[in-house]
Amino acid sequence: MQCRGESLQWNSGCQHPQRCPLRALKLLFYSRSGQSSRWIEALHQALPGAEIRLYGEATSDWQADYALLWQPPPELLRSQRRLRGIFNLGAGVDALLANPGLPEEVPIYKLRDAGMAAWMLDYIRYGLLHFGRDMDRYREQQRLRCWQPREIGHRAQWPVGVLGLGALGSEIAAALSVEGYSVSGWSRTPKSIPGVDCYAGETTLAPFLSRCRVLVSILPATVDTRHLLNLERLQRLPEGAVVISCGRGEVLDSQALLALLDSHHLRGALLDVFEQEPLPTDSPLYDNERLIITPHISAPTPIEGAIEQIVEGIGRLESGAPLPAVDRQRGY
Ligand SMILES: NC(=O)c1ccc[n+]([C@@H]2O[C@H](COP(=O)([O-])OP(=O)(O)OC[C@H]3O[C@@H](n4cnc5c(N)ncnc54)[C@H](OP(=O)(O)O)[C@@H]3O)[C@@H](O)[C@H]2O)c1
């Protein structure tokens, strides 16, 4: 998009920031996951006229127009009394919505994909190959010094079910279908995605689960999704099924998962997200050889993609155009 000065159509290649009405904006930045200097530098490049402050550098009387935040301290939110919007620097808003300092009336905007779907797709591909090409079994054979080739199953024999067909899930489900997997997806409201057999609503969850040899969870953490994958529902997966969890840990009842691994109903799981993070060192999940555990790394926020989306979003808001906000009641 090309900047046209007063038109508020603004982008990182703006040639005349002195005429751009966005130049006077005040932005407050905070990210608990680090890399603040890279974010600030990229923000200055994208919005050369704006006043951008890192939390900690801003004095208590300095009030921002917008806050760009990842897991901010409650005091930050309480100290800002003139915010027109909060941009959440990720796709998951559960932590922000649970923040006791969050003002009720300020709209929250979250990132939609911004490059995260590609990262997460790679992560899921790894899980599909790990189990689909029997790497878990070859590891065990290696331990036993056993030389035993196994027949390769066609991708179509690995029906994949994607829970959550939002910005990430819909893209990932469509891509896996193109790659030859038989893909179904489940969401709250009906969807139509080329190559994907779409299910919607609680009543369709049982038939959806019964056809998944690989269950991929990309659901947000909300009141409604907490322990959605409980013992009863996980038991509906076919014997030998695999779980890949990269949405939020709260969705999966890990005790139920362990029980079904022990009973050999489930073959294994690739877990990126947990109810408590970091996963406590005494968690029994670490000890299970059929689990692969990663520390919430499947889809970090790409700085450039995020800033492009935020700048575009602020431009829309400042020009009075609509920008979909997070539904606080639904929790995502
Ligand atoms: N591990 C990581 O590194 C990482 C990185 C990024 C994101 N995430 C997680 O991934 C989640 C999904 O991201 P996103 O951008 O795709 O979110 P999104 O666009 O908000 O999509 C959420 C999806 O979940 C569905 N959903 C929510 N509640 C449901 C319910 N009760 N029953 C059925 N479906 C329900 C929604 O259904 P409708 O479409 O019908 O509303 C939607 O399809 C985020 O919330 C975040 O927690 C993890």
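From a predicted model like this one, the values you see are computed outputs, not experimental measurements.

Conventions adopted
Residues numbered from 1 in each chain as written. Predicted model: local features only at pLDDT ≥ 70, side-chain atom pairs only at ≥ 80, totals over all residues. Heavy atoms only, no water. Axes fitted to C-alpha atoms, helices over the stretch in contact; angles between N-to-C directions. Helix = DSSP H or I, 4+ residues; strand = E, 2+ residues; numbered from the N terminus. Parallel < 35°, antiparallel > 145°, perpendicular 65-115°, else oblique. Left-handed = near helix turned anticlockwise from the far one by under 90°. Contact = heavy atoms within 4.5 Å. Nonpolar A, V, L, I, M, F, W, Y, C, P; charged D, E, K, R; others polar. Near = heavy atom within 4 Å. Polar contact = N/O pair within 3.5 Å; in protein donor to acceptor, adjacent residues only side chain to side chain. Areas by Shrake-Rupley, 256 points an atom, 1.4 Å probe, with all protein chains shown as cover. Domains from an automatic or database assignment. UniProt positions renumbered as here; feature names shortened; annotations may be inferred.

S.K.: Looking at this structure, how should I read the packing of helix 4 (residues 116–132) against helix 6 (residues 167–178)?
M.R.: Helices that pack against each other are described as a pair by the angle of their axes relative to one another and the distance between those axes. At a minimum axis distance of 9 Å, the contact between helix 4 and helix 6 shows a crossing angle of 50°. It follows from the interaxial angle that helix 4 and helix 6 lie oblique. Handedness of the helix 4/helix 6 crossing: right-handed. Side by side, helix 4 and helix 6 meet where M116, A117, M120, L121, I124 and L128 of the first sit next to L168, E171, I172, A175 and L176 of the second. Taken together, the residues that form the contact of helix 4 with helix 6 break down as 10 nonpolar, no polar and 1 charged.

S.K.: Teacher, can you tell me more about unusual backbone geometry here?
M.R.: Note the cis peptide between E277 and P278, where omega equals -5°. Among the structural elements, P278 can be located in the loop between strand 11 (266–271) and strand 12 (291–293). For D134, which is not a glycine, the phi torsion comes out positive at approximately 65°. By the element assignment, D134 lies in the loop between helix 4 and helix 5 (135–143). Of note in the backbone geometry, H296 takes a positive phi value of approximately 55° without being a glycine.

S.K.: Just to check I follow, could you spell out the site of the ligand for this structure?
M.R.: Close contacts around the ligand come from 31 residues, with K110, A167, T189, K191 and Y332 the closest. Here R188 contributes a backbone N or O atom positioned 3.0 Å from a nitrogen atom of the ligand. Alone, the ligand offers 940 Å² of accessible surface; in the complex the protein occludes 93% of this. Mapped onto the shell around the ligand, the elements with two or more residues apiece are helix 4, helix 6 and strand 7 (183–187). Take the shell around the ligand: its biggest share by element is 3 residues, from helix 6. Each of domain 1 (24–112 + 300–328) and domain 2 (114–291) contributes no fewer than three residues to the shell around the ligand.

S.K.: Any chance you could explain the UniProt feature "domain: D-isomer specific 2-hydroxyacid dehydrogenase NAD-binding" (unreviewed entry) in the protein chain here in plain terms?
M.R.: UniProt tags residues 128–298 as "domain: D-isomer specific 2-hydroxyacid dehydrogenase NAD-binding" (unreviewed entry). Between the first and last C-alpha atoms of residues 128–298 the distance is 14 Å; the span itself is 26% helix and 19% strand.

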